[in-house]
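Below are the chains, spelled out letter by letter.
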Amino acid sequence: MKIAVVGLGLIGGSMALRLKQKGFASRVLGVDNDETHSQKALELGIVDEITDLNTAVADSDLIILSAPVSVCTTLLPGILDQVKQQVVLDTGSTKMSLLDAVKGHLNRGRYIATHPMWGTEFSGPEAATLDAFDGRANVICDASESDQDALATVEQLYSLLGMYNVYMGGKDHDVHVAYVSHISHITSFALANTVLEKEREENAIFELASAGFESTVRLAKSSPAMWMPIFKQNKENVLDVLNEHITQLRKFKSCIEKENWVYLTELMENANKIKDVLDRKQ
């Protein structure tokens, strides 16, 4: 199978490496508007050839859209205009803007809306890794709107990546990821800005920052070019979770201001319940 990867960054690059290793992809065509990314992807053997989008669509059996969501939303309808029996999937962190963009399209069935739940704070083809997705969840949204053969191909693809598939509606997906993913990035960006604003001694940050601090602000190293469109596309859900997060922060602030140590302890004990939820994944 010939595969086109549109967006040669962390996700697209990692998928290409694994699919080539597994023999699923006989040849990988790369498309990226960043010349540096294109050349690096060639050097690293992530892709076999760099080409333009129209050629990649025409010459491929499967097209993976792994560019920022805002870019994919613009490109997807035009790609579906060109496909015949090709399969198209995206890897975006929000789904409704994409699903709305192709609602009623003649070739809607050839498109599978997916979200592999994995990522790091790094970006670009240099960040791609072979075993990135092992044991992780991949979300497939509005599967009933896709052709059965296209869906089966994408299910096989994610199985080869080492992932298990979860199925839900696009609206539900965007709500859930706001709570379990997007708020984590906002919190990390905000904490990093807080420390940079209040702690003027960079050496103190460097020398005293513990592993806990580093893990909390790790996501603050994520690409703004990737995350700004995500927050924009999922604005209403992000605002909902952000308002709740601010409410929780105010509770902690009030407890400390009023020296209400009993309620502060209760808040932390309640937060400990997340361990039981996460342990069920083991």
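Residues numbered from 1 in each chain as written. Predicted model: local features only at pLDDT ≥ 70, side-chain atom pairs only at ≥ 80, totals over all residues. Heavy atoms only, no water.

**Re the side chain of K95**
Now for step 1: Of note, K95 is situated in the loop between β5 (87–90) and α5 (96–101).
Now for step 2: For K95, a relative accessible area of 0% puts it in the buried group.
Now for step 3: Among the polar contacts listed, one links the side chain of K95 to the side chain of D90, at a separation of 2.9 Å.
Now for step 4: Within the local environment of K95, its side chain forms a polar contact with the backbone oxygen of G92, the two atoms lying 2.7 Å apart.
Now for step 5: Non-local contacts of K95, meaning those with residues more than four positions away in its chain, are made with D90, Y111, A113, T114, H115, C141, G170, H173 and D174. (Helix = DSSP H or I, 4+ residues; strand = E, 2+ residues; numbered from the N terminus. Buried < 20%, exposed > 50% of the residue type's maximum accessible area, 1.4 Å probe, protein only. Polar contact = N/O pair within 3.5 Å; in protein donor to acceptor, adjacent residues only side chain to side chain. Contact = heavy atoms within 4.5 Å.)

**Some remarks on the nonpolar core**
Now for step 1: Ranked by size, the top nonpolar core spans 33 residues in total, and within it M15, I64, L89 and L157 carry the most contacts.
Now for step 2: Elements that contribute at least two residues to this core include exactly β1 (2–6), α1 (10–21), β4 (62–65), β5 and α6 (148–160).
Now for step 3: In this structure L89 touches M15, L62, I63, I64, L65, Y111, I112, T114, V154, L157 and Y158, once residues within four positions along its chain are discounted.
Now for step 4: Counting residues in hydrophobic clusters, the runner-up holds 27 residues, among them L65, A67, V102 and I230. (Core = buried A, V, L, I, M, F, W, Y, C linked by side-chain atoms within 4.5 Å.)

**Details of the pattern of salt bridges**
Now for step 1: All told, the structure shown has eight salt bridges when counted by the stated rule.
Now for step 2: Connected through shared salt-bridge partners, R110, D147 and D149 make up one network. (Salt bridge = Lys/Arg side-chain N within 4 Å of Asp/Glu carboxyl O.)

**Regarding the packing of aromatic side chains**
Now for step 1: In total, this model carries two aromatic pairs according to the counting rule given.
Now for step 2: Centroid distance W118 to F133: 5.3 Å. Interplanar angle 70°. Geometry classified as edge-to-face. One end of the pair, W118, is in the loop between β6 (111–116) and β7 (137–141); the other, F133, is in the loop between β6 and β7, with 15 residues separating them in the sequence. Each member of the pair, W118 as well as F133, carries the same accessibility label: buried.
Now for step 3: Centre to centre, the rings of W227 and F231 are 5.6 Å apart; their planes meet at 40°, and the pair counts as tilted. With W227 and F231 both in helix α10 (residues 224–233), this residue pair falls four residues apart, about one helical turn.
Now for step 4: Since its relative accessible area comes to 5%, W227 is described here as buried. (Phe/Tyr/Trp six-rings, centres within 6.5 Å; stacked < 30°, edge-to-face > 60°.)

Limitation: the analysis is restricted to geometry and does not speak to function.
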